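Geometric and topological summary
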Amino acid sequence: MSDTYSFCSGESPLLISIPHDGRELAPGMSERMTEVGLELPDTDWHVRKLYGFAGEIEASVLAAKFSRYVVDLNRPPTDAALYEGQVSTGLCPSATFAGLGIYKPNESCGPDEQRMRVETYWKPYHTKLSQALSSLREKHGYALLWDAHSIRSEIPHLFQGVLSDLNLGTNGGVSCDIGLENAAFRVAQQSNYSAVLNGRFTGGYITRTYGSPSRGVHAAQLELAQHIYMDESSYRYNEVAATKLSRTIRQIVQAFIDEAHRI
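An account of the accompanying structure is given in this report. (Residues numbered from 1 in each chain as written. Predicted model: local features only at pLDDT ≥ 70, side-chain atom pairs only at ≥ 80, totals over all residues. Heavy atoms only, no water.)

**Comments concerning the overall build of the protein**
For the protein, the count of helices and strands is six helices and seven strands. Element order for the protein, N to C, with α for helix and β for strand: β-β-α-α-β-α-β-β-α-β-α-β-α. Its C-alpha radius of gyration of 18 Å places the protein within 12% of the 18 Å reference for a compact globule of 263 residues. With respect to the three principal axes, the spread of C-alpha positions in the protein is 55 × 35 × 35 Å. Relative to its full complement of 263 residues, the protein shows a buried share of 56%. At a minimum sequence separation of 6, the contacts of the protein that also span at least 24 residues come to 79%. A total accessible area of about 11,500 Å² is found for the protein, and carbon and sulfur atoms account for 48% of it. Looking at the protein, you have 24 positive and 30 negative side-chain charges, and the mean spots of the two groups are 2 Å apart. (Helix = DSSP H or I, 4+ residues; strand = E, 2+ residues; numbered from the N terminus. Rg over C-alpha atoms; globule rule 2.2 N^0.38 Å. Buried < 20%, exposed > 50% of the residue type's maximum accessible area, 1.4 Å probe, protein only. Contact = heavy atoms within 4.5 Å. Areas by Shrake-Rupley, 256 points an atom, 1.4 Å probe, with all protein chains shown as cover. Lys, Arg positive; Asp, Glu negative; His and termini not counted. Charge placed at Lys NZ, Arg CZ, Asp CG, Glu CD.)

**Observations concerning the nonpolar core**
Core analysis: the largest hydrophobic core is formed by 77 residues, its most contacted members being Ile16, Tyr51, Trp146 and Tyr229. Per-element accounting of this core gives the leading share, nine residues, to helix H6 (residues 239-260). Excluding residues that lie within four positions of it along the chain, Tyr51 makes contacts with Ile16, Trp146, Ala148, Leu222, Ile249 and Val253. Judged by nonpolar contacts, the second largest core, of seven residues, contains Ile151, Leu158, Phe159 and Leu163. (Core = buried A, V, L, I, M, F, W, Y, C linked by side-chain atoms within 4.5 Å.)

**Side note on the environment of Ser150**
The topology assignment puts Ser150 in strand S4 (residues 143-151). Taking the relative accessible area as the measure of exposure, Ser150 reaches 2% and is therefore buried. Counting along the chain gives 103 residues from Ser150 to Val47, while the straight-line C-alpha distance between them is 6.9 Å. In contact with Ser150, other than residues within four places in its own chain, are Asp44, Trp45, Val47, Glu223, Leu224, Gln226 and Tyr229. A polar side-chain atom of Ser150 sits 2.8 Å from a polar atom in the side chain of Tyr229. (Polar contact = N/O pair within 3.5 Å; in protein donor to acceptor, adjacent residues only side chain to side chain.)

**Observations concerning the side chain of Ser191**
With respect to the helices and strands, Ser191 occurs in the loop between helix H4 (178-190) and strand S6 (195-197). The class for Ser191 is buried, based on a relative accessible area of 17%. When near neighbours in sequence (up to four residues on either side) are disregarded, Ser191 contacts Leu166 and Thr248.

**Points about the packing of aromatic side chains**
According to the stated counting rule, one finds eight aromatic pairs in the structure shown. Look at Trp122 and Tyr205: their rings are 5.7 Å apart centre to centre, the planes differ by 55°, and that puts the pair in the tilted class. In this pair, Trp122 is assigned in helix H3 (residues 111-140) and Tyr205 in helix H5 (residues 205-210), connecting sequence segments 83 residues apart. Ring geometry for Phe159 versus Phe201: centroids 6.3 Å apart, planes at 80°, classification edge-to-face. A residue pair is termed long-range when its members are at least 10 positions apart, and Phe159 in the loop between S4 and strand S5 (166-169) and Phe201 in the loop between S6 and H5 qualify at 42 residues. We classify Phe159 as buried; its relative accessible area is 8%. Judged by relative accessible area, Phe201 falls into the buried class, the value being 8%. Lying across the ring of Phe201, Arg200 places its NZ or CZ 4.7 Å from the centre. (Phe/Tyr/Trp six-rings, centres within 6.5 Å; stacked < 30°, edge-to-face > 60°. Lys NZ or Arg CZ within 6 Å of the ring centre and 35° of its normal.)

**Brief notes about the pairing of strand S7 (residues 217-225)**
With respect to burial, S7 is a largely interior element, nine of its nine residues being buried. Burial along S7 is two-sided: the residues Val217, Ala219, Gln221, Glu223 and Ala225 and His218, Ala220, Leu222 and Leu224 are all buried. Note: S5 against S7, four bridges, orientation antiparallel. When the bridges of S7 are listed, Asn167 appears paired with Glu223. (Pairing = 2+ DSSP bridges.)

**Some words on the pairing of S5**
In S5, alternate side chains face the same way, and those of Leu166 and Leu168 on one face and Asn167 and Gly169 on the other are all buried. Pairing of S5 with S6 involves three bridges; the strand directions are parallel. Along S6, the bridge assignment pairs Asn167 with Val196.

**With respect to empty space enclosed by the protein**
Inspection of every chain in the model, using the stated rule, returns two cavities of 30 Å³ or more. Roughly 40 Å³ of internal volume is contained in the second largest cavity. For the second largest cavity, the full set of lining residues is Thr4, Ala64, Phe66, Ser67, Val71, Leu73, Tyr121 and Tyr125. Tallied by class, the residues present in the lining of the second largest cavity amount to six nonpolar, two polar and no charged. (1 Å grid on protein atoms, 1.4 Å probe; cavity = no way out; pocket = protein on both sides within 12 Å on 5 of 7 lines; lining within 4 Å. Points joined across faces, edges and corners; volume = space filled by probe spheres on them. Nonpolar A, V, L, I, M, F, W, Y, C, P; charged D, E, K, R; others polar.)

And the structure:
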C-alpha cells in the first residue's frame, strides 16, 4: 500500500483509474490556502463510491489519496496545455475552476515545490499505472484502462452552457479500438442520461498517454456531470440518484470489456 495512492488488483483485463477523488493535502499546505481552496471544490466527488462495483466485475482499481490541488495527475509533468485555446488550471493549480485563488496572498507553489510534488505524488501514481497495465497486458494479451472523473455541470470560466451528463472521451478515437468506443457509447446513448462522445472532454493526459491500441492498451475517459448524482453546492451524495447512475456506469464499462473479448 502506497502513501499516495491505493491499489486493488483484479482478475479481469480492466484497470479503473481514479486520479481526482483524493482529499489529502501536502504537509504544510493547508496553512497557506484560502477558505475557498480548503473546500477542495474541484474534487471529483464520490467517484470512487460510484465505482464500488469494481470488485464485482473483478477490475483493478488505482485511486489517488491526494487532492488535485497538490498535483494534477491527469496533466503532463511538463505542465503543457491539454486543450489548446482553453483555460488551463495547471499541474499544481493556483486557482479553482471558477478562477478563485487557492493560496493566500504572497503564497504560491513555486518551481522547486512543483518539482518536489511531481516526484512525491505524480510519479508514484504513474509508475503504478504503467506497471499495472503492463501486468494486465502480459496476463491477458491486452489491457483496458478506464479513467474515471466527474465535474460540476456548469463552470462558465471553463466552458459554456451545461455539460452533458455522460462525457465519453477516447482522444478522438485514437486511444482505443473503434469497436470498444462504439460499444460503450451505444450503452451511454441508450441510457436515461444525455451523452456525448469526444465533446468538451476528449480525455486527459492519462487517456492520451496510455491508450495505444497498437500496443494492446485500450483507454477511455468518462467525465460525469456531478448534478446527476450529488448536490453540487453542498457536495452531498444523493444515494438514490447515485445508485441509478452507478448501475448505468457499470453497464457502459461492461460493454467496453465485452467488446474487447471480440477484437
